[in-house]
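# Inside the fold
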Amino acid sequence: MKAPVRVAVTGAAGQISYSLLFRIAAGEMLGKDQPVILQMLEITPALNALKGVAMELDDCAFPLLAGMVCTDDPNVAFKDADYALLVGARPRGPGMERKDLLEANAAIFSVQGKAINDHASRDIKVLVVGNPANTNALIAQRNAPDIDPRQFTAMMRLDHNRAMSQLAEKTGKTINDVKNVIIWGNHSATQYPDIHNTTVDGADAMGLIDQAWYENDFIPTVQQRGAAIIEARGASSAASAANAAIFHMRDWALGTPEGDYVTMGVYSDGSYGIEEGLIYGYPCTCKDGDWTIVQGIETNEFSREKMAATENELKEERDAVKDLLPA
Ligand SMILES: NC(=O)c1ccc[n+]([C@@H]2O[C@H](COP(=O)([O-])OP(=O)(O)OC[C@H]3O[C@@H](n4cnc5c(N)ncnc54)[C@H](O)[C@@H]3O)[C@@H](O)[C@H]2O)c1
Ligand SMILES: O=C(O)C[C@H](O)C(=O)O
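Residues numbered from 1 in each chain as written. Chains lettered and ligands numbered in written order. Predicted model: local features only at pLDDT ≥ 70, side-chain atom pairs only at ≥ 80, totals over all residues. Heavy atoms only, no water.

The element strand β13 (residues 279-287) is largely enclosed, with a buried count of seven among its nine residues. As defined by bridge partners, strand β12 (residues 262-267) adjoins β13 across six bridges and the pair is classed as antiparallel. Its bridge partner lying in β13, Tyr 267 is registered against Ile 279. Strand direction decides the pairing type here: β13 and strand β14 (residues 290-293), joined by four bridges, are antiparallel. In the strand pairing of β14, Cys 286 is matched with Trp 291. Between the end of β13 and the start of β14, which pair antiparallel, lie two residues, with Asp 288 showing a positive phi angle near 50°. (Buried < 20%, exposed > 50% of the residue type's maximum accessible area, 1.4 Å probe, protein only. Helix = DSSP H or I, 4+ residues; strand = E, 2+ residues; numbered from the N terminus. Pairing = 2+ DSSP bridges.)

Another point: the pattern of salt bridges. This model, assessed by the stated rule, comprises 13 salt bridges. Residue Asp 80 is joined to Lys 79 by a salt bridge in which the shortest nitrogen-to-oxygen separation is 3.5 Å. For Lys 79, a relative accessible area of 42% puts it in the partly exposed group. A salt bridge links Lys 173 to Asp 201; its shortest N-O distance comes to 3.2 Å. Taken as a pair, Lys 173 in the loop between α6 (157-171) and β7 (178-179) and Asp 201 in the loop between β10 (199-200) and β11 (203-204) lie far apart in primary sequence, 28 residues in all. According to the relative accessible area criterion, Asp 201 is partly exposed, its value standing at 46%. Taken together, the shared-partner salt bridges connect Glu 275, Glu 311, Lys 315, Arg 318 and Asp 319 into one network. (Salt bridge = Lys/Arg side-chain N within 4 Å of Asp/Glu carboxyl O.)

Below is the structure:
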């Protein structure tokens with residue numbers, strides 16, 4: 001048996017975490033041979049609810065669950081953490097854009113970035129789920145100057161999965177047939193779902209659909225899917241968000257399959273002309289616990305315009321929280 005790793009999860013009594021923690025403890029994120037210690041963070045008034053979640057985790061008798069910590073102190077939650085899933089934040093309601101949450105949520109991520117900097121493993125892998133995820137990831141990263149910025153990522157995988165599923169349905173194929181989808185940019189309504197390099201059952205995706213469906217149906221459906229779920233459920237996506245978090249971390253830790261790539265919100269190195277230092281959705285492959293931005297993808301004018309629009313929104317969000325970004 002491997003030595004246990006420490007996985008910090010914030011917002012651990014919230015709705016996403018209720019779909020997330022049990023799957024992590026079951027080995028679906030880091031493998032069926034990897035014991036985990038769950039270090040769960042909540043705000044003080046939610047500690048009793050968190051206790052209930054911990055009791056249920058106990059009652060599952062998961063062989064891989066090697067320990068649990070329940071706390072309202074970020075310094076305790078991130079102590080020696082090897083992985084951190086930053087879920088705890090307010091979700092949006094009907095009629096809101098995700099960036100409307102910036103004011104409510106941004107401060108959470110500066111505090112947690114500092115706690116990660118001071119207490120976590122130097123090799124920690126951080127995934128930010130709480131919205132607006134890319135800019136919250138930027139805030140956490142900038143408040144953790146002693147940790148490599150590449151170790152802070154934002155969740156774009158839900159958008160990626162949504163795009164795969166829409167395309168499989170449209171073409172009458174299965175998810176397993178869809179390869180190399182990209183969601184460029186921000187986890188917001190400006191994200192750009194790009195299928196110019198996608199194949200479906202080996203065929204070029206753009207050849208299987210028409211441009212009008214791509215522009216007027218597919219792109220807005222994927223961009224607005226979070227709002228559509230809120231409208232239908234009366235609450236933001238939870239199980240699918242937890243699933244995307246599991247997939248993101250699993251692929252980062254254990255590697256992406258040969259011949260496919262995934263979308264991750266990662267620290268821009270200037271690839272594809274995007275400003276360095278933004279947390280931007282890029283096509284990535286992962287190997288040996290590290291990610292690489294896929295290079296050499298051709299982008300046409302339509303794509304470049306959309307990639308720039310979502311980049312501009314990320315710059316605006318960054319400028320709106322500049323007080324929380326130490327130089
Ligand atoms: N990136 C994505 O694709 C994606 C998908 C779905 C939801 N989200 C976002 O994830 C976040 C959580 O969603 P949810 O549905 O689980 O919300 P929720 O309200 O059910 O749970 C959030 C939990 O976070 C806790 N919390 C608040 N402040 C905290 C802090 N400082 N430290 C620790 N815990 C704290 C709350 O007490 C609550 O239990 C929201 O911001 C939502 O918009 C992102
Ligand atoms: O849309 C939201 O506010 C929740 C989440 O980001 C989603 O995409 O489902």
